[in-house]
Amino acid sequence: MRVFLVGMMGSGKSTIGKILSSVLDLEFVDMDSEIEARSGKTVEKIFESEGEEVFRKLESNLLKELVRKDGIVVSTGGGIVLDSENRRTLKEENTLYLKLPPADLFKRVDTLNRPLLKGGKEAIFRIWEERRELYEQFPSIEASNYSKWETVASICMRLFPGDKKRIINGTHPVTLANGGFKAIGGMQNAVVSHRVLKVFSEWISSSAFPIEDGEEAKGFHTLFEIYDFLMERGLSRSDVLAAAGGGTVTDLVGFAASTFKRGVPLTLFPTTLLSQVDASIGGKNGLNFRGGKNMIGNFYFPTETVLDPVTTLSMDPGRFEEGLVEAFKIFLITGQWYDQFRSLCGKLKGRNLATLNKMMEEAVILKDRIVASDVHEKGVRKILNLGHTLGHLYEPIVGVSHGRAVAWGLEREMYYFMNLGLVEESVYNEVCDTLSEIFGLDLPPLPIEEALRLLRNDKKGTACDEAEIEIPLLRSPGKYELLKVKFDELLAVVV
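Nothing here was measured: the structure is a model prediction, and the numbers come from that model. (Residues numbered from 1 in each chain as written. Predicted model: local features only at pLDDT ≥ 70, side-chain atom pairs only at ≥ 80, totals over all residues. Heavy atoms only, no water.)

Student: For this particular structure, what's the right way to read the overall build of the protein chain?
Tutor: Within the protein chain, the regular secondary structure consists of 21 helices and 16 strands. By residue count, 56% of the 495 residues in the protein chain fall in the buried class. Sequence separation of 24 or more characterises 71% of the internal contacts of the protein chain that already satisfy a separation of 6 or more. (Helix = DSSP H or I, 4+ residues; strand = E, 2+ residues; numbered from the N terminus. Buried < 20%, exposed > 50% of the residue type's maximum accessible area, 1.4 Å probe, protein only. Contact = heavy atoms within 4.5 Å.)

Student: Would you mind showing me how to read the pattern of salt bridges here?
Tutor: When their charged atoms lie close together, side chains carrying opposite charge are able to pair. The final tally for this structure, using the stated rule, is 32 salt bridges. With a closest N to O distance of 3.1 Å, Arg 56 and Glu 59 form a salt bridge. Of this pair, Arg 56 and Glu 59 both sit in helix 4 (residues 52-66), 3 residues apart, roughly one helical turn. Exposure remark for Arg 56: the relative accessible area of 16% places this residue in the buried category. Put simply, Asp 316 and Arg 195 hold a salt bridge, and the shortest N to O gap is 3.7 Å. Placement of the pair is Asp 316 in the loop between helix 13 (309-312) and helix 14 (319-334) and Arg 195 in helix 9 (residues 194-200), with a sequence separation of 121 residues. The exposure class of Asp 316 is partly exposed, given its relative accessible area of 38%. In this structure, a network of salt bridges that share partners links the residues Glu 150, Arg 195, Lys 198 and Asp 316. (Salt bridge = Lys/Arg side-chain N within 4 Å of Asp/Glu carboxyl O.)

Student: Just to check I follow, could you spell out a nonpolar patch on the surface for this structure?
Tutor: Together, Phe 220, Phe 224, Phe 289 and Met 295 make up an exposed nonpolar region whose accessible area comes to about 340 Å². Residue position: Met 295 is located in strand 13 (residues 292-299). (Patch = residues over 30% accessible without salt bridge, like charges linked within 9 Å, V, L, I, M, F, W, Y side chains within 5 Å. Areas by Shrake-Rupley, 256 points an atom, 1.4 Å probe, with all protein chains shown as cover.)

Student: It is not clear to me how the pairing of strand 16 (residues 479-486) should be interpreted in this structure. Could you clarify?
Tutor: In summary, the side chains of a regular strand alternate between the two faces of the sheet. Judged from the 8 bridges that link them, strand 15 (residues 468-476) and strand 16 form a sheet pairing that is antiparallel. Bridge assignment links Glu 468 to a residue of strand 16, and that residue is Lys 486. Joining the antiparallel neighbours strand 15 and strand 16 is a turn of 2 residues, in which Gly 478 adopts a positive phi near 90°. (Pairing = 2+ DSSP bridges.)

Student: Sorry, what's going on with the sheet that holds strand 1 (residues 2-6) here?
Tutor: Backbone-to-backbone hydrogen bonds pair the strands of a sheet. The strands run either parallel or antiparallel. Pairing within the open sheet is parallel, and its 5 strands lie in the order 2-3-1-4-5. The two strands at the open ends of the sheet, each matched to only one other strand, are strand 2 (27-30) and strand 5 (140-142). Between one strand and the next, the sheet's axes are offset by a mean angle of 25°, whatever the strand orientation. The pairing of strand 1 with strand 3 (residues 72-75) spans 4 bridges and is classified as parallel. Residue pairing for strand 3: Phe 4 is matched across the bridge by Val 74. Strand contacts of helix 1 (residues 13-24): strand 1, strand 2, strand 3 and strand 4 (94-99), with the helix running at about 165° to strand 2, the strand carrying the most contacts. (Axes fitted to C-alpha atoms, helices over the stretch in contact; angles between N-to-C directions.)

Student: What is the right way to read the environment of Pro 101 from this model?
Tutor: Inspection of the secondary structure assignment puts Pro 101 in the loop between strand 4 and helix 6 (102-108). For the pair Pro 101 and Met 8, spaced 93 residues apart in sequence, the C-alpha separation works out to 9.7 Å.

Student: I keep staring at the environment of Gly 77 and nothing clicks. Help me out?
Tutor: Note that Gly 77 resides in the loop between strand 3 and helix 5 (84-91). Sequence-wise, Gly 77 and Ser 33 are 44 residues apart; in three dimensions their C-alpha atoms are separated by 9.5 Å. Setting aside anything within four residues of it in sequence, one finds Gly 77 in contact with Met 31, Asp 32 and Glu 59.

Student: I keep staring at the sheet that holds strand 7 (residues 174-176) and nothing clicks. Help me out?
Tutor: Read from one edge to the other, the open sheet built from 7 strands follows the order 6-7-14-11-10-8-9, with strand pairing classed as mixed. Of all the strands in the sheet, just strand 6 (165-168) and strand 9 (209-211) have a single pairing partner and so form its edges. Going across the sheet, the axis of each strand differs from the next one's by a mean of 25°, ignoring polarity. Two elements, strand 8 (residues 190-193) and strand 10 (residues 241-245), share 3 bridges in a ladder whose sense is parallel. Bridging from a neighbouring strand, Ala 190 pairs with Ala 242 of strand 10. Docked against the sheet, helix 10 (residues 220-233) engages strand 8, strand 9 and strand 10, running at close to 175° with respect to strand 9. Lying over the sheet, helix 11 (residues 247-259) contacts strand 8, strand 9, strand 10 and strand 11 (266-270), oriented at roughly 165° with respect to strand 10.

Student: Teacher, can you tell me more about the packing of aromatic side chains here?
Tutor: Centre-to-centre distance and the angle between the planes together describe a pair of aromatic rings. Scanning all chains against the criterion turns up 17 aromatic pairs. Arranged with centres 5.3 Å apart and planes meeting at 45°, the rings of Phe 47 and Phe 55 form a pair that is tilted. Phe 47 gets classed as buried once you look at its relative accessible area, which sits at 16%. Considering the side-chain rings of Tyr 227 and Phe 260, the 6.3 Å spacing of their centres and the 25° angle between planes classify their relative orientation as stacked. One end of the pair, Tyr 227, is in helix 10; the other, Phe 260, is in the loop between helix 11 and strand 11, and 33 residues separate them in sequence. With respect to burial, Tyr 227 and Phe 260 carry one shared label: buried. Put simply, the rings of Phe 220, Phe 224, Tyr 227, Phe 260 and Phe 289 pair up and form one aromatic cluster. (Phe/Tyr/Trp six-rings, centres within 6.5 Å; stacked < 30°, edge-to-face > 60°.)

Student: Even after reading the chapter, I still don't get the packing of helix 4 against helix 5, so can you show me in this structure?
Tutor: For any two helices packed against each other, the geometry is given by the interaxial angle and the distance between the axes. Look at helix 4 against helix 5: their axes get within 10 Å of each other, and the N-to-C directions meet at 20°. Judged by the inter-axis angle, helix 4 sits roughly parallel to helix 5. The two elements helix 4 and helix 5 cross, and the hand of that crossing is left-handed. On the side of helix 4, the interface is formed by Ser 60, Leu 63 and Lys 64, while helix 5 contributes Glu 85, Asn 86, Thr 89 and Leu 90. Partitioned by chemical class, the residues of the contact of helix 4 with helix 5 number 2 nonpolar, 3 polar and 2 charged. (Parallel < 35°, antiparallel > 145°, perpendicular 65-115°, else oblique. Left-handed = near helix turned anticlockwise from the far one by under 90°. Nonpolar A, V, L, I, M, F, W, Y, C, P; charged D, E, K, R; others polar.)

Student: Quick question: what am I supposed to make of the environment of Val 54 here?
Tutor: Its location among the elements puts Val 54 in helix 4. Taking relative accessible area as the criterion, Val 54 reaches 29% and is therefore assigned partly exposed. Separated by 18 residues in sequence, Val 54 and Glu 36 place their C-alpha atoms 13 Å apart.

Following this line, the structure appears as structure tokens:
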């Protein structure tokens, strides 16, 4: 694979190119830097001593060399499109134009080693106007409203064909494909999060209904909006409803699909890492109610769940790592791929796409095996609540994200059992080391009364007067059981 980025100076070609090369396991080449290294002169010095024409010749010769090389991401010079032969060459490659308005470029660019800006930064407006039509001959990425990671995700979505690979046929079909998200374009009845629509609108039907993504949207007010949309669309029981977004969206739209006209076919396009490795697998749907997470819900399986790791690249730092916590939880429970996860944690945090694909496939297969053995969560499936009992306290009380709350809950639950002598300190420390590498464990205190109120309403609690809750006990990776503990004893140790 070869990828070429074109655009004005200051458009972020080098920054995006470096990230893209790491994500795709490709070599990064900055053409200006390569010319400087070979000539022993800065671009500015070449312009001064030999003239722009000589520099453009060096640039064109280097381009001819690079198109014969495979496995590279290339940041081109801003003026490479001035030559018609260069443009013809680039049109035969994966070439993308990073498009920003001149006002944004003016804010970003500096004059250091920019010979065309020696007269002042204001020249950026003239240069942009002169080159605009040349740049627009290439597919563009509107980078002005995108973060770095959103830009990388949008580029990668263009690079992959989306050929699906079926990875499980268990409780419901799940396919995995870089670029598989683009299949949503053929779905006329789709509910998508605003953020997904912002980044991937090119591949989403104009008829899609946008909703907020986040726990505050996961309630009856949004559910009724979805029902209104389905009524307006005249959705029949043979029509397919699609959902694209994080776990909040897939949970909520899954519940809507299960109840509208007593059930309509559902296709899920989870777009966050957490939803791809966890929330969208297993048929759980739900709404939050009176401060309790998923207090209203059911089990309803989609006709297909499409996992596309490319969409996860768009996530903000912090939110991406939530999915790593949930994947780590699966590997802890099963004891499988546990060592691999720990050794590859750095590459996973760097969003290396090949490593993400492998991790995702392993996590989903392992979770599906647990779900298939206990679809309605009467027994062994409850082990998937590891970290969630206390995590569901941190999430609403402290107001942190689900993944961070689960990481904190997992550490506190293991700390509780370690104090009872049921978990070896070495196991506890190893888990904490990995969680710290993913997220950090700077836990705040919890108010006892509020924590008790939420525990009493936890759906895993018992109906007896002893105020007990069933909580997963992980003795070591792959060795677990379910244990009933008293509310007050649990909170006395961990709060």
